[in-house]
Protein chains: 2
Amino acid sequence: MSERALKYLSDNRERLLERLQEFLSIPSVSTDSIHKNDVQRAATYLQTYLTEIGFQQVQQIETNKHPIVYAEYMEAGPDSPTVLLYGHYDVQPVDPIELWDSDPFKPEIREGRLYARGSSDDKGQVFMHLAVFEALMKTEGKLPLNVKICLEGEEEIGSENLYTMLQVKKELFQADFAVISDSGMVAKNQPTILYGLKGFTGIEITVTGPDHDLHSGMYGGAVRNPIMALSHILASMKNDDEVVTVEGFYDGVEALTSEEKELIKQVPSEDFVKATGITETVSEKGYTAKEHTMARPTFEVNGIFGGYQGEGTKTIIPTSATAKITCRLVPGQAPETIQRLLEAHIKKVAPKGVTVEVKKEKLSAKAYKVEPNHPLIQKAATSYTKAFDKEAVYVRMGGSIPVVEWIDHLYTIPIVLLGFGTPEDRLHSPNESFPLDSFDKGMETLVYYWHEITNG
Amino acid sequence: MSERALKYLSDNRERLLERLQEFLSIPSVSTDSIHKNDVQRAATYLQTYLTEIGFQQVQQIETNKHPIVYAEYMEAGPDSPTVLLYGHYDVQPVDPIELWDSDPFKPEIREGRLYARGSSDDKGQVFMHLAVFEALMKTEGKLPLNVKICLEGEEEIGSENLYTMLQVKKELFQADFAVISDSGMVAKNQPTILYGLKGFTGIEITVTGPDHDLHSGMYGGAVRNPIMALSHILASMKNDDEVVTVEGFYDGVEALTSEEKELIKQVPSEDFVKATGITETVSEKGYTAKEHTMARPTFEVNGIFGGYQGEGTKTIIPTSATAKITCRLVPGQAPETIQRLLEAHIKKVAPKGVTVEVKKEKLSAKAYKVEPNHPLIQKAATSYTKAFDKEAVYVRMGGSIPVVEWIDHLYTIPIVLLGFGTPEDRLHSPNESFPLDSFDKGMETLVYYWHEITNG
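Parameters at a glance
Residues numbered from 1 in each chain as written. Chains lettered and ligands numbered in written order. Predicted model: local features only at pLDDT ≥ 70, side-chain atom pairs only at ≥ 80, totals over all residues. Heavy atoms only, no water. Helix = DSSP H or I, 4+ residues; strand = E, 2+ residues; numbered from the N terminus. Rg over C-alpha atoms; globule rule 2.2 N^0.38 Å. Contact = heavy atoms within 4.5 Å. Buried area = accessible area lost by both parts, 1.4 Å probe. Salt bridge = Lys/Arg side-chain N within 4 Å of Asp/Glu carboxyl O. Nonpolar A, V, L, I, M, F, W, Y, C, P; charged D, E, K, R; others polar. Pairing = 2+ DSSP bridges. Least-squares fit on C-alpha atoms with pLDDT ≥ 70 in both. Expected span 1.5 Å × (residues − 1). Buried < 20%, exposed > 50% of the residue type's maximum accessible area, 1.4 Å probe, protein only. Axes fitted to C-alpha atoms, helices over the stretch in contact; angles between N-to-C directions. UniProt positions renumbered as here; feature names shortened; annotations may be inferred.

On a plain count of helices and strands, chain A comes out with 15 helices and 18 strands. The globule rule puts the C-alpha radius of gyration for 456 residues at 23 Å, and the 24 Å found for chain A is close to it. Expressed as lengths along the three principal axes of its C-alpha atoms, the size of chain A is roughly 85 × 50 × 45 Å. Looking at chain A alone, contacts between residues at least 24 apart form 79% of all its contacts between residues at least 6 apart.

A few words on the environment of Ala365 of chain B. By the element assignment, Ala365 of chain B lies in the loop between strand E14 (355-360) and strand E15 (368-369). Filtering out sequence-adjacent residues up to four positions away, Ala365 of chain B remains in contact with Gly199, Phe200, Leu329, Pro335 and Glu405 of chain B.

What follows is about the interface of chain A and chain B. Contacts between the two partners involve 73 residues from chain A and, on the opposite side, 73 residues from chain B. A combined buried area of about 6200 Å² lies between chain A and chain B, and 55% of that area is made up of carbon and sulfur atoms. Where chain A meets chain B, there are two salt bridges. Of the charged contacts, one joins Arg224 of chain A and Glu242 of chain B as a salt bridge, the two residues approaching to 2.9 Å between their closest N and O atoms. Mapped onto the side of chain A that touches chain B, the elements with two or more residues apiece are strand E10 (214-215), helix H7 (216-219), helix H8 (226-235), helix H10 (272-276), helix H11 (289-295), strand E11 (298-307), strand E12 (316-317) and strand E13 (320-329) of chain A. If one sorts the elements of the side of chain A that touches chain B by residue count, E11 of chain A sits on top with 10 residues. Residues that form the side of chain A that touches chain B fall into these classes: 25 nonpolar, 33 polar and 15 charged. Relative to strand E11 (residues 298-307) of chain B, E11 of chain A is paired through five bridges, and the arrangement is antiparallel. Residue Ile304 of chain A lies in a different strand from E11 of chain B, and its bridge partner there is Gly306 of chain B.

By a simple turn and slide, chain A fits onto chain B: the slide is 0.1 Å along the axis, the RMSD is 0.2 Å, and the turn is 180°. Both chain copies can therefore be described as sitting about a two-fold axis.

The subject of this paragraph is helix H2 (residues 13-24) of chain A. Residues and elements named next belong to chain A. For H2, built from 12 residues, the straight-helix expectation of 16 Å at 1.5 Å per residue is met to within 8% by its first-to-last C-alpha distance of 16 Å. For H2, the complete set of buried residues consists of Leu16, Leu17, Arg19, Leu20, Gln21, Phe23 and Leu24. Contacts made by the buried residues of H2 are with helix H1 (2-11), helix H3 (36-53), strand E4 (108-110), strand E5 (113-115), helix H4 (123-140) and helix H15 (436-455).

With that out of the way, let us pick up the pairing of E13 of chain A. Residue and element names in this part refer to chain A. Within E13, nine of the 10 residues are buried, which leaves the element mostly enclosed by the surrounding structure. In this sheet, E13 lies alongside strand E9 (residues 199-208) in antiparallel orientation, the contact comprising 10 bridges. Residue pairing in the sheet places Phe200 in a bridge with Arg328 of E13. Looking at chain direction, E11 and E13 are connected through eight bridges and run antiparallel. Its bridge partner lying in E13, Val301 is registered against Ile325.

Residue and element names in this part refer to chain A. With respect to topology, three strands assemble into an open sheet ordered E4-E5-E18, the strand pairing being antiparallel. With one partner strand each, in any of the chains shown, E4 and strand E18 (433-435) form the two edges of the open sheet. Averaged over neighbouring strand pairs, the angle between their axes works out to 25° when direction is ignored. Two elements, E4 and E5, share three bridges in a ladder whose sense is antiparallel. Pairing of Glu108 across the sheet is with Tyr115, part of E5. Together, E4 and E5 form the strand contacts of H2, whose direction differs from that of E5 by roughly 30°. Running at roughly 55° to E18, H15 makes contact with E4, E5 and E18 of the sheet.

For the rest of this paragraph, the subject is the sheet that holds strand E5 (residues 113-115) of chain B. Residue and element names in this part refer to chain B. Here three strands make up an open sheet; going across it, the order is E4-E5-E18 and the pairing antiparallel. The sheet is open, and its two borders are formed by strand E4 (108-110) and strand E18 (433-435), each paired with just one other strand. Within this sheet the neighbouring strands show an average axis-to-axis angle of 25°, counted without direction. Each of E4, E5 and E18 is contacted by helix H15 (residues 436-455), which is oriented at about 55° to E18, the strand it contacts most.

Residue and element names in this part refer to chain A. Under the criterion given, the structure shown has 46 salt bridges over all chains. Residues Arg113 and Glu424 are paired through a salt bridge, measuring 3.8 Å at the closest nitrogen-oxygen approach. Remark: Glu424 occurs in the loop between strand E17 (415-417) and E18 and Arg113 occurs in strand E5; sequence separation between them is 311 residues. Here the salt bridges do not stand alone but share partners, grouping Glu254, Glu260, Lys369 and Arg396 into one network.

Another point: the UniProt feature "domain: Peptidase M20 dimerisation" (unreviewed entry) in chain A. In this numbering, the UniProt entry assigns the feature "domain: Peptidase M20 dimerisation" (unreviewed entry) to residues 195-353 of chain A. Between the C-alpha atoms that bound residues 195-353 of chain A there is a distance of 48 Å. The span itself is 31% helix and 23% strand.

Structure (structure tokens):
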């Protein structure tokens, strides 16, 4: 079966690339209401393509903003597994437009890369799946397993309506496992099994002192300075060894096994210093920077403000100071528990003379992890290796993908993250692109994978 | 001598008040170039008045912005002391204008107060001096001592040109002592001897980490967070006991004598909690809030910023964070030394993985203090008591008046701060006003004071 489908993809490569470019030409920027019709056009494009391939129940599920495109193929029968394929057809805005070397919505191939907004995130990867299904249908007249397709148009604006829809339409989306291609490999042509994602949670701390900015000469010496109070609170939460010093923060965190440490070691390392311009890396005591970023929880102050921010000096004691904090969580850490622990710590250390308010951010996600030796993961590794002619590496990532947590939470099915992006893709930035190598070998991987699933 | 002058002031009260209102009607807002001509008009008004009184050498000394009005009376002869009288004729802007109950430049008397911008700070107090000189000239035909008058038009914009002029025209301004009426009493009708002012100095700390904002999921765990690093630095500089923990900060600071503690106790206390809306006061361990504000050095973070300041969360590690710090200094603390100590401390505690830059603010001032029992001070106290029928209190203030430090530094002469404002005057705010009690008894105080100086 694989050979015929692969030949089809090879024979039709130019036509498929053209068709992808047509898809990428639609400026489906979900955040901007001026593009509402374009987002709709992208949904309709998918609907047409899915119908053409031979999917059934092809429909647009209306939401409060942008529709979810649904389609299914259930003819593999009740003895075959059902996969839920998730992707998104909306894209990030293109600003600053002047930094693009070519029009973000006039796709252009240069030096083995396809340049366009959405080429990697995520329209390109969504298209690869559909092209593979087309190839299988055209050559075999059928798909080797049951497929449910869920493509949303709101991923770049926080998937506002997806969670509700996954809840409400539980029966419709129910499957045996899920596949998501909205991530990347650690390096070009380096098959990468992403078997864990961090969760996250956030709080905002506001320290309030006087009810108006005070003259520091008249009141300095009688009044607690809110910025200084906030600094003391923050400094008490993570020490210079990058260890979070909030009681209970690490409770329930799984120890890093020696197998995992070994897997992490094998991941080709990004040069953190070169990539970020820092003088040297720092990481949690007892862990390497790679271990910490991939598999240990983190605590970051994302922003701080208070008092005078202009030129020169203004001799005031400001009325308040605010810090924004987010934590990336690992399995064993519940976002709500972490928020509660942070708040308890802050209330405990808050100095007298100021009022401290903790606002818990609503958007949270639990970490996700699947065992690297799960058969669905092992089959993915085998397929990758066959297509890319290289052993897969296994990584956990510091990032969070809310949909992964939601599917895990609502459906409790394994989720396979089959990503083909590369670190050079410039997601969300000017000159987003996707390597044609990933396009070709990625589709090859998918052909092998569906084959492995059903015949392995 | 006193009686005749006092009778003159009493007989001419209405006329003098009208003349003051004419002066206050000129919108001499120094910061706004639209009022350049008005500032000039106020200078000319003074020039005319001084000439009329009988001063000599009346002139406008041109600067890069607004002129300094100079005049002198040297006919008391070489055996009489010479006083340098400093004041300013420019005023603060009036915004927000809608909060004024009457036009800031149409003076209005309501319930014993004269409402107008500049009524207290400082045109009203400058006028009182001139009216007293007028009274003495009209009744005695002479002044009891030599007088040099220096009235600037740039005080509200940082006295941009004054220091240079005091330096360049040193011979012109040279005197035996200086009198400044640009301050206040601790309460209405409470004679107040201000015998000490704090100095100040400032620095700005910028902590830089990555060369661009980083995705906290990708790099959290490998990179030092600049906001957290800055928090640790700040927290290391002042502890929860409000003690500055920078090595050497208190070196050379004079201990507070029991006499001074007693003087401070006698000052009617402002209710810090009520005035500022804080939950409770805090002050340096071992000192009361009053002692700390008046006589101990302070360290304040005036502003802080870094990273994301918008709504909700943005999961970044920011590229940098900045804090602005000013210290109020007491005698024994040199601003440059303090800046050096702060910088040394910061460099010492700066954690690895970030770059820390310390910018030293140029505008600094040393503290000023004159002995409370200095004859010039004692005579001021006697005069105050005679006029207000109340014992004077002795205060040191947390504020800084740059001109005091400059005169002290360039001329090394005693400086007497004879202020008649009250805490209710709303300097720099809408509805600035000055109590007529202060107008009447203040002029009486000045008549007694010139008499005490020359006959005491």
